[in-house]
Amino acid sequence: MTLQIISTHPIAGQKPGTSGLRKKVTVFQQPHYLENFVQSIFNALDNFQGTTLVLGGDGRYYNVEAIQIILKMAAANGFGRVLVGLNGILSTPAASALIRQSRAFGGIILSASHNPGGIEGDFGIKYNMGNGGPAPEKITDLIYQCSQEISHYRMIKNETFIDLSQLGHHRLGEMHIEVVNSVLDYAELMQQIFDFPKIQALFHSGFRICYDAMHAVTGPYAKFILEKQLGAPEGSVINGMPLPDFGGGHPDPNLTYADELVRIMYGDNAPDFGAASDGDGDRNMILGANFFVTPSDSIAILAANAHLVPGYQHGLAGVARSMPTSAAVDKVAETLGIPCFETPTGWKFFGNLLDAGKVTLCGEESFGTGSNHVREKDGLWAVLFWLNILAVKQQSVSEIVREHWLKYGRNFYTRHDYEAIDTEAAHRVMAHLRQQMPLLSKQCFAGYCVQHCDDFSYRDPVDNSLSENQGLRILFDHQARIIFRLSGTGTEGATLRVYIEAMSNDNAEHTQDTQHVLAPLIKVANELAKITELTGRTEPSVIT
Ligand code: G16
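The model shown is predicted, which means the values in this text are computed figures rather than measured ones.

1. Structural notes on the site of the ligand
Around the ligand lies a shell of 19 residues, among which E364, R485, S487, G488 and T489 are the nearest. Contact between the ligand and G346: an oxygen atom at 3.3 Å from a main-chain N or O atom of the residue. E364 has a polar side-chain atom sitting 2.6 Å from an oxygen atom of the ligand. Given that more than half its atoms are within 2 Å of the pocket grid, the ligand belongs to the second largest pocket. Of the residues assigned to the shell around the ligand, the class counts are one nonpolar, 10 polar and eight charged.

2. A closer look at the pairing of strand β10 (residues 209-212)
Here β10 shows a buried face lined by I209 and Y211 and a second buried face lined by C210 and D212. Both β10 and strand β12 (residues 273-277) contribute to a ladder of four bridges, which runs parallel. Bridged to Y211 within β12 is A275. Relative to strand β11 (residues 237-238), β10 runs parallel, the two being bridged by two bridges. In the strand pairing of β11, Y211 is matched with V237. Crossover handedness for the path β10 to helix α8 (residues 219-229) to β11: right-handed.

3. Considering the UniProt feature "domain: Alpha-D-phosphohexomutase alpha/beta/alpha" (unreviewed entry) in the chain
Within this numbering scheme, the UniProt entry marks residues 14-152, 186-287 and 296-408 as carrying the feature "domain: Alpha-D-phosphohexomutase alpha/beta/alpha" (unreviewed entry). Taken end to end, residues 14-152 comprises 37% helix and 23% strand; its first and last C-alpha atoms sit 16 Å apart. The span residues 296-408 is 45% helical and 14% strand by assignment, and the distance between its end C-alpha atoms comes to 13 Å.

4. Considering the sheet that holds strand β13 (residues 284-288)
Sheet strands pair by backbone hydrogen bonding; their relative direction is either parallel or antiparallel. The five strands lie next to each other as β11-β10-β12-β13-β14, forming an open sheet whose pairing is mixed. Both edges of this open sheet fall to β11 and β14 (291-293), since each of them pairs with a single strand only. Against the sheet, helix α13 (residues 379-393) engages β10, β12, β13 and β14, with an angle of about 165° to β12.

5. Things to note about the packing of helix α10 (residues 295-305) against helix α14 (residues 397-408)
Running from N to C, α10 and α14 point in directions that differ by 85°, and their axes come no closer than 11 Å. Between α10 and α14, the interaxial angle falls into the category roughly perpendicular. Two secondary-structure elements touch here, α10 through D297, A300, I301 and A304 and α14 through I400, V401, H404, W405 and Y408. Here the contact of α10 with α14 is composed, by residue class, of seven nonpolar, one polar and one charged.

6. Regarding the layout of surface pockets
Estimates place the volume of the largest pocket at around 1,000 Å³. Taken together, 37 residues form the lining of the largest pocket, with G17, T18, L486, S487 and G488 sitting closest to its centre. Looking at the lining of the largest pocket residue by residue, the class counts come to eight nonpolar, 18 polar and 11 charged. When its volume is computed, the second largest pocket comes out at roughly 610 Å³. Taken together, 43 residues line the second largest pocket, and the ones lying closest to its centre are H114, N115, T489, G490 and R497.

7. Here we look at unusual backbone geometry
Despite not being glycine, F246 shows a phi value in the positive range, around 55°. Within the fold, F246 resides in the loop between β11 and α9 (259-265). On the basis of relative accessible area, F246 is assigned to the buried category, the value being 2%. The backbone of H478 shows a phi angle near 55°, a positive value even though the residue is not glycine. Along the chain, the position of H478 falls in the loop between β24 (472-476) and β25 (481-486).

The rules behind each value
Residues numbered from 1 in each chain as written. Predicted model: local features only at pLDDT ≥ 70, side-chain atom pairs only at ≥ 80, totals over all residues. Heavy atoms only, no water. Near = heavy atom within 4 Å. Polar contact = N/O pair within 3.5 Å; in protein donor to acceptor, adjacent residues only side chain to side chain. 1 Å grid on protein atoms, 1.4 Å probe; cavity = no way out; pocket = protein on both sides within 12 Å on 5 of 7 lines; lining within 4 Å. Sits in = over half its atoms within 2 Å of the grid points. Nonpolar A, V, L, I, M, F, W, Y, C, P; charged D, E, K, R; others polar. Buried < 20%, exposed > 50% of the residue type's maximum accessible area, 1.4 Å probe, protein only. Helix = DSSP H or I, 4+ residues; strand = E, 2+ residues; numbered from the N terminus. Pairing = 2+ DSSP bridges. Right-handed = clockwise from strand over helix to strand, strands pointing away. UniProt positions renumbered as here; feature names shortened; annotations may be inferred. Contact = heavy atoms within 4.5 Å. Axes fitted to C-alpha atoms, helices over the stretch in contact; angles between N-to-C directions. Parallel < 35°, antiparallel > 145°, perpendicular 65-115°, else oblique. Points joined across faces, edges and corners; volume = space filled by probe spheres on them.

Quick look at the structure:
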């Protein structure tokens, strides 16, 4: 087969965000766009000749076309072997597991995660390291730099498509390709962590689950594990067929976009447990009958009950949460006498802590929870963790959460997203806040007095790297906080995220509505940031 060296020019804007490069499908379909970025990934890496690359994606529109291109480029760049998911599909956590199990050099994951798919939707690509985790900033910065200096890319000339619809082996030039089914390997990993017989007994006793795969990547994994292995009745997994456009839905497991599940869980005769996962299977939402568990509470509850799960029965080394995530897990860590790390938003920041054995569980307010079993957050893992706890405790989801609040207090928490606002307006909001911050110290608003304000920066305790400008924090007394940051995963305009938290140790208050309890702080946030005045928006587009 012939090696082609194709001339190209740098394309502006190929800068990875919170989790890889995410753009509209039509942007990726432009001549050289995908190729430039893939070659930039390879140019940023050293010494991978003859090694293994893992390749797969969440099955969204353009997934298979992109895989065929990347295979030809991997062969031309000297990889020895590529493990590709069957039909080009690998959930993000399964890809992470596969990289680790196969001792691959790294992996390329094609996903725009929770963003909508289809021809008009989003596409994304990110590089994961040999530890199975997203590339750290020093590598993503280098990839960006390479993309701005690129002059050519390498590709094998091959007109025939590699058949990804069957398990099997192929050759492309000198490179070996293996089409693998990751569902079985992933299920085996889950079996090593969780008490499957106990969860089977739970389902056998009539416990009912509704798992919404949102027509995204976890459908086959969830059907196999929940229905086939654990004995949940057939039909417990809804929207289980992965579709390139996610059935026209928005595969983001939150109260707004997982509306079918929410209707079921808040309807008559609701199942005992509800859960949903996102486009690439790394996020999770947990619900009980008529009850929503915030992701910040979820990680705290998993940490507090980890000793009930075989994989974590010997204790946790430590926990980590992203800065905007509520401090609920901090209190659990304090009680357990283990460290709790506060990192910037982005799973990549947990990698070093996990690799160094400093933490066992990690969690984020953005519906992400995971552990040291892989180096990505893992939606189905979180669901199994909850099922294992429910099977041992024999209590309902709401009973477990309320008992937790009674012991640790409740961190009332909400996130208000203003999606697709004008980028300049979003930057004006942040600039205005930055200007205000030195004046806020010791001022009181709605009964809360400002203790400290800053633009969050993080010094990685393992490699000492510094990440600055990670979100504006206004910290009040009584453990209340307001945080502002711009999303790094959107593809349209800018998304302003406002995170609001207040702590309550008053048990009588715990059952109150979150938006009601936080209303005074929400008003303060809107006024301080001048959101309506500067963006024209009178209300958020998503509230979680
Ligand atoms: C990614 C990152 C997460 C982050 C989330 C939201 O998740 O991996 O760590 O919390 O984006 O980021 P932002 O607030 O910048 O939009 P995913 O599920 O999209 O890969």
